[in-house]
Amino acid sequence: MSRLNDNTGNRPARQADTGTDFTFAPATREKAKARLAIMGVSGSGKTWTGLRLTHGLSSRFAVIDTERGAASKYAGINGVTFDTLQLHNYHPQNLIGALAAAANAGYEGVLVDSLTHFWSGTEGTLEQVDRAAKQKFGGNSFGGWKEGTPLQNAMVDALLSYPGHLVATMRAHTEWSLQTNANGKKEPVRLGTRPEQRRGVEYEFDVVAQMDTDNTFSVIKSRCPDLHALVLERPDGADIAKTLLGWLDEGAAGVDPAAYVDRATADDISFEDLGELRQEVDARGLQATPLLDPADGTATTLGDYIRARGLALKNGATP
């Protein structure tokens, strides 16, 4: 037997610095919400496909629009109706706030069109890094990432923790390639090589698809077996949504994050109760769920809200 296991029995390990519990439990599958990304060059059809997909996933959905109203030009076509919020300042915290407002309004699905702006647009992550580098680190961009990385991570966590279906489009870095056309002649073709977002962001989604100028939809990553390596020309997003929903709806019912808000706002909850509630939320990976504070309507997350309630109780204030 390894010395690491000597005299430990079945006691759970605990990290001394963080208090994190390292107790293993049987894996169970729960119903989940879609986390899907579509990347592509201009004109590839990602906005319309994203709308059809989100419409197929949810009966009532909203669009967080950074593309100057592009999505609204499709409103009502083929029965696709939605509400929209146009943003012109792409600070990562603004996306968290928009997601919190969408969750508060009860939208079953959200389309972010596009996620690229919160990376490279006005006040996006790259601008936050550049500003911090100039103001605090003498122009050192590595220092600027000390502020940019937490902002970016918090934004991605909020996306993945939205309590409904989440679809995001991303612009793709464009390169030109000479390819042989149907007539046997070489012609330049625009190719999307990777999303215009922080490297590796595609790993965060359950399904990632790439679209080209022929409106071909190619799944390049999928945790849903029936969508693996799927290639469709001019896809009907509703059919893709139906397949995805069939996979997502398998398993036991999950926990509604709103139930944790109700428990946290109970009049008789104690500081100790809130500590246990926070551990439960962390264990379920729901700490970054975006929401509006019931008291003042400010954008926050489930974990931060419970923490604030606990601090209020600890300091003797009425939470």
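Quick notes on the rules
Residues numbered from 1 in each chain as written. Predicted model: local features only at pLDDT ≥ 70, side-chain atom pairs only at ≥ 80, totals over all residues. Heavy atoms only, no water. Buried < 20%, exposed > 50% of the residue type's maximum accessible area, 1.4 Å probe, protein only. Helix = DSSP H or I, 4+ residues; strand = E, 2+ residues; numbered from the N terminus. Core = buried A, V, L, I, M, F, W, Y, C linked by side-chain atoms within 4.5 Å. Contact = heavy atoms within 4.5 Å. Expected span 1.5 Å × (residues − 1). Salt bridge = Lys/Arg side-chain N within 4 Å of Asp/Glu carboxyl O.

**Describing the pairing of strand 6 (residues 109-113)**
Line of reasoning, step 1. In terms of burial, strand 6 is a largely internal element, five of the five residues being buried.
Line of reasoning, step 2. Covered by surrounding structure in strand 6 are Gly-109, Leu-111 and Asp-113 together with Val-110 and Val-112, the residues of both alternating faces.

**Section: the environment of Gly-285**
Line of reasoning, step 1. Assignment of secondary structure puts Gly-285 in the loop between helix 8 (271-283) and strand 12 (290-292).
Line of reasoning, step 2. Overall, the relative accessible area of 41% leaves Gly-285 in the partly exposed class.
Line of reasoning, step 3. In the structure, Gly-285 is positioned 125 residues away from Leu-160 in sequence and 9.8 Å away in space, judged by C-alpha atoms.

**Quick look at the nonpolar core**
Line of reasoning, step 1. Core analysis: the largest hydrophobic core is formed by 29 residues, its most contacted members being Leu-95, Leu-99, Val-112 and Leu-115.
Line of reasoning, step 2. Every element with two or more residues in this core is listed here: strand 3 (35-40), strand 4 (61-65), helix 2 (92-105), strand 6, helix 5 (141-160) and strand 7 (165-180).
Line of reasoning, step 3. Top contributing element to this core by residue count: helix 2, with five residues.
Line of reasoning, step 4. For Leu-95, the contacting residues outside a window of four places in its chain are Ile-64, Val-112, Leu-115, Phe-118, Met-155 and Leu-159.
Line of reasoning, step 5. Membership of the second largest hydrophobic core comes to 26 residues, among which are Ile-38, Val-167, Leu-245 and Trp-247.

**Details of helix 2**
Line of reasoning, step 1. With 14 residues, helix 2 ought to run about 20 Å at 1.5 Å a step, and its terminal C-alpha atoms sit 20 Å apart, in line with that.
Line of reasoning, step 2. All buried positions along helix 2 are accounted for by Pro-92, Leu-95, Ile-96, Gly-97, Ala-98, Leu-99, Ala-100 and Ala-102.
Line of reasoning, step 3. Downstream of helix 2 by one or two residues, Gly-106 has phi in the positive range, about 80°.

**Let's talk about the pattern of salt bridges**
Line of reasoning, step 1. One pass over the full model with this rule turns up 11 salt bridges.
Line of reasoning, step 2. With a shortest N-O distance of 2.4 Å, Lys-136 and Glu-147 are connected by a salt bridge. Placement of Lys-136 in helix 4 (residues 125-136) and of Glu-147 in helix 5 is noted, with a sequence separation of 11 residues between them.
Line of reasoning, step 3. Classification of Lys-136 as exposed rests on a relative accessible area of 53%.

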